[in-house]
Amino acid sequence: MDNSIKKKKIQKTVFTVLKYVVLVFFSFVSLLPLVSCVITAFKTEEEYNTTNVMTLPHSFLNFSNFVDAFTKANMGRAFLNSTIILICVLLISTFIGTQIAYVLDRFEFLGNKLIRNLFLFASLLPGVAMQVAVYQIMYKLHLINSLPGYIVMMCGTDIISIYIYIQFFENIPKDIDESGIIDGAGYFTIFYRLLLPLLKPAIVTSCILKGVSTYNEYYAANLYLQDKVKYPTVATSLYTFVGPLGSQYNLICAGVIISIIPALIVFITCQKKIYTGLTSGAIKS
């Protein structure tokens, strides 16, 4: 009996040690690119060309790379364009997505399940595979190299957000709708006055997920916003330092850190609401 208890304790100890070793290893692998990026961002061009990637710079008080990256890459204009795009996309996507989820959850009609299945099928399609058709539509509508056109394209139906909203609506009792109808409220009043305020955690979660993908979008921004002087975004502005004669990775890394800071601040500020939104939407009452 004592031997079996000892074996179980040994097995539990070994399992715990292995678990923490694996966690530390993958944490190290995940943080290594970020650490190398920070180190490179503070190096001069001579230091970058003559030292190893993980070799520490001579001084961490050298901010000339950050100034050069911000000015030469026109990041001020890029941040302005990205902010305009982000605000418009989040407002329109939230306005459309919440109403779609409200209709799909609260109303039973022919084709309801079909629409949900089509949304699921659409989420499985790779975006790159549909770019030819999307580009032709954008070209025919004269929306290429246009900030409003790019915003309209990025406001396309966000499947993940719709499912998050649907999960939240399923947790909201229908008694609220019925009490509103008894008091003489219409469907729009019920939605905007009674249900929409209860969706705040879901809206915050969806806005963070949609906002990060929109903020980091490079492929579509590079393809549809072809005037890089007039319509740079944060993602495309960093490619100013990439060329056929070589790349200035110390400036690129400085620009990456500058672009990460706003997203990091938003995430740290809203992380509790993000986690609350994801977990609450996954539990049915």
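Residues numbered from 1 in each chain as written. Predicted model: local features only at pLDDT ≥ 70, side-chain atom pairs only at ≥ 80, totals over all residues. Heavy atoms only, no water.

## What about the overall build of the chain?
Counting its secondary structure elements, the chain contains 14 helices and 2 strands. Here the C-alpha atoms of the chain give a radius of gyration of 25 Å, more than 25% beyond the 19 Å that 2.2 N^0.38 yields for 285 residues. Projected onto its principal axes, the C-alpha positions of the chain cover 80 × 75 × 35 Å. Taking all 285 residues of the chain together, the buried fraction comes to 34%. For the chain, restricting intrachain contacts to residue pairs at least 6 apart in sequence, the fraction spanning at least 24 positions comes to 71%. With 22 positive and 15 negative side-chain charges, the chain shows a separation of 7 Å between the mean positions of the two kinds. (Helix = DSSP H or I, 4+ residues; strand = E, 2+ residues; numbered from the N terminus. Rg over C-alpha atoms; globule rule 2.2 N^0.38 Å. Buried < 20%, exposed > 50% of the residue type's maximum accessible area, 1.4 Å probe, protein only. Contact = heavy atoms within 4.5 Å. Lys, Arg positive; Asp, Glu negative; His and termini not counted. Charge placed at Lys NZ, Arg CZ, Asp CG, Glu CD.)

## Digging into the packing of aromatic side chains
On inspection of all chains with the given rule, the structure shows 15 aromatic pairs. Ring geometry for Tyr102 versus Phe169: centroids 5.9 Å apart, planes at 50°, classification tilted. On the criterion of sequence distance, the pair formed by Tyr102 in helix H4 (residues 75-106) and Phe169 in helix H8 (residues 159-171) is long-range, its members being 67 residues apart. The class for Tyr102 is buried, based on a relative accessible area of 7%. Between Tyr218 and Tyr239 the ring centres are 4.4 Å apart and the planes differ by 20°, which places this aromatic pair in the stacked class. Of this pair, Tyr218 sits in the loop between helix H11 (200-215) and helix H12 (219-224) while Tyr239 sits in the loop between helix H13 (234-237) and strand S1 (242-243), and the two are 21 residues apart along the sequence. The class for Tyr218 is partly exposed, based on a relative accessible area of 29%. (Phe/Tyr/Trp six-rings, centres within 6.5 Å; stacked < 30°, edge-to-face > 60°.)

## Points about the pattern of salt bridges
For the structure on display, the rule yields 3 salt bridges. For Arg106, the salt bridge identified is with Asp105, shortest N-O distance 2.7 Å. Here Arg106 matches Asp105 in class, with each residue buried. Notably, a salt bridge pairs Asp177 with Arg106, separated by 3.0 Å at the nearest N-O pair. With Asp177 in helix H9 (residues 175-182) and Arg106 in helix H4, this pair connects stretches of sequence that are 71 residues apart. Each member of the pair, Asp177 as well as Arg106, is classed as buried. Through salt bridges that share partners, Asp105, Arg106 and Asp177 make up one connected network. (Salt bridge = Lys/Arg side-chain N within 4 Å of Asp/Glu carboxyl O.)

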